[in-house]
Amino acid sequence: MDRTPTEIIKAIEDRPLDYVPGSKFVYDNTGYIILGYIIEKVSGENYADYVQHHILDPLGMRASGYDSSDMIIPDRSAGYHFAKGKYSNAPFYSTTQVFSAGGLYSTVDDLLIWDEALDAGKLLSPSSMQGMFTDYGHGYGFGWFIDEEFGHQHLSHGGSVSGFLGRFDWYPKDKLTVIVLSNEDTAPVGHIADDLAAIYLNIPPRRPAPAGEALIRRTIEALRAGTPNYQDMGPQMAQATRTHIAGLEKVMSDLGPVNAVTLLEAEPEGLDRYRVNFQNGTAEWNIRVNKDGTLNVYPTVFPAS
């Protein structure tokens, strides 16, 4: 279904706020759609034209633009989905649904042009750059997650639409940029980006947390019993679990007993990835090793909403 920005905003404009603005942070596409709408009103151009005229054309980003389902774009990649051991074409979606929250197409080479222009101060004023890369108390600036990775200053953002994933990581003090794009929407682009950075930064391999497998098994049984161990989950994962708890009980019941828990990789940044083989299916679960040595579990089995 095609929707205009006005139609998307109209769908949420009368709903109450989830929290007082500035008191917390939760990512959502609608905020970026509102920003795109503001750009159109202030500039007098539609969003696609504004980005083309003020960013893409001046920088020579010839392989980038605003995507359109009916436009023929030379060399455009098809999007794929992987499930139950086989690939399929990704479900169709209208790019109007994501608008300024993710309606662009690009390449790694073009995004590097954008990155170098941003770093050289060709796109934004120093004050705007400072505002964009300031952590306002929630690990997020203006369009960037802000944290440390491997003890290094780290700015990043990821995104996805049906059939596609992207991850952009910037280590400004190390002059390192890592860009990973995929036209298969289950690809581990974040893990790939982290591993590439670890190689460049000479981060040694790490061993998995000894208690990781036991925590996964304990969490599975707790979910199956309808009594989740929220204290072992990160805040956002705990909230997602609370939201989906009824469906999760059914999912865990349908999957059946656990046959095996296999370590896939101990990521250098502190993430242990496991494959859990159930009697009736397979899923990936993650264990995050926190700086204080505690563990958080991140189950990736959620019912479709």
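One can find the structure itself at the top, above this paragraph.
A brief report on the enclosed structure follows. (Residues numbered from 1 in each chain as written. Predicted model: local features only at pLDDT ≥ 70, side-chain atom pairs only at ≥ 80, totals over all residues. Heavy atoms only, no water.)

Our next topic: a nonpolar patch on the surface. On the surface, Ile34, Leu35, Ile38 and Val42 cluster together to form a nonpolar patch covering roughly 360 Å² of accessible area. Tracing the sequence through the fold places Leu35 in helix H2 (residues 29–43). With a relative accessible area of 46%, Leu35 lands in the partly exposed category. (Patch = residues over 30% accessible without salt bridge, like charges linked within 9 Å, V, L, I, M, F, W, Y side chains within 5 Å. Areas by Shrake-Rupley, 256 points an atom, 1.4 Å probe, with all protein chains shown as cover. Salt bridge = Lys/Arg side-chain N within 4 Å of Asp/Glu carboxyl O. Helix = DSSP H or I, 4+ residues; strand = E, 2+ residues; numbered from the N terminus. Buried < 20%, exposed > 50% of the residue type's maximum accessible area, 1.4 Å probe, protein only.)

All right, on to the packing of aromatic side chains then. Scanning all chains against the criterion turns up 14 aromatic pairs. With centroids separated by 4.3 Å and ring planes inclined at 20°, the aromatic side chains of Phe25 and Tyr140 adopt a geometry described as stacked. With Phe25 in the loop between helix H1 (5–10) and H2 and Tyr140 in the loop between helix H5 (126–132) and strand E5 (145–149), this pair connects stretches of sequence that are 115 residues apart. Owing to a relative accessible area of 22%, Phe25 belongs among the partly exposed residues under this scheme. The interplanar angle of 55° and the centroid separation of 4.7 Å between the aromatic rings of Phe82 and Tyr87 together place this pair among those described as tilted. With relative accessibility at 56%, the residue Tyr87 sits in the exposed group. The lysine or arginine in question, Arg242, covers the ring of Tyr230, its NZ or CZ lying 4.1 Å from the ring centre. (Phe/Tyr/Trp six-rings, centres within 6.5 Å; stacked < 30°, edge-to-face > 60°. Lys NZ or Arg CZ within 6 Å of the ring centre and 35° of its normal.)

Across the sheet, which stays open at both edges, the 4 strands sit in the order E5-E6-E7-E8 with antiparallel pairing between neighbours. Pairing within the sheet leaves two strands with one partner each, and these edge strands are E5 and strand E8 (176–182). Looking at each pair of strands side by side, their axes are set apart by 25° on average, direction ignored. Note: E5 against strand E6 (residues 152–161), 5 bridges, orientation antiparallel. By the bridge assignment for E6, Glu149 is matched with His152. Those strands touched by helix H6 (residues 189–200) are E5, strand E7 (164–171) and E8, and its axis lies near 150° from that of E8. (Pairing = 2+ DSSP bridges. Axes fitted to C-alpha atoms, helices over the stretch in contact; angles between N-to-C directions. Contact = heavy atoms within 4.5 Å.)

This part takes up the pattern of salt bridges. For the coordinates displayed, the defined rule picks out 13 salt bridges. Close ionic contact of Asp254 with Lys250 constitutes a salt bridge, the shortest N to O distance being 2.7 Å. Note that Asp254 and Lys250 are positioned in helix H8 (residues 235–255) at a spacing of 4 residues, about one turn of the helix. Residue Lys250 is classed as exposed on the basis of its relative accessible area of 54%. With its nearest N and O atoms 3.3 Å apart, the salt bridge here joins Arg273 to Glu267. Exposure class is identical for Arg273 and Glu267. Each is buried. By sharing partners, the salt bridges in this structure join Glu265, Glu267, Arg273 and Glu284 into a single network.

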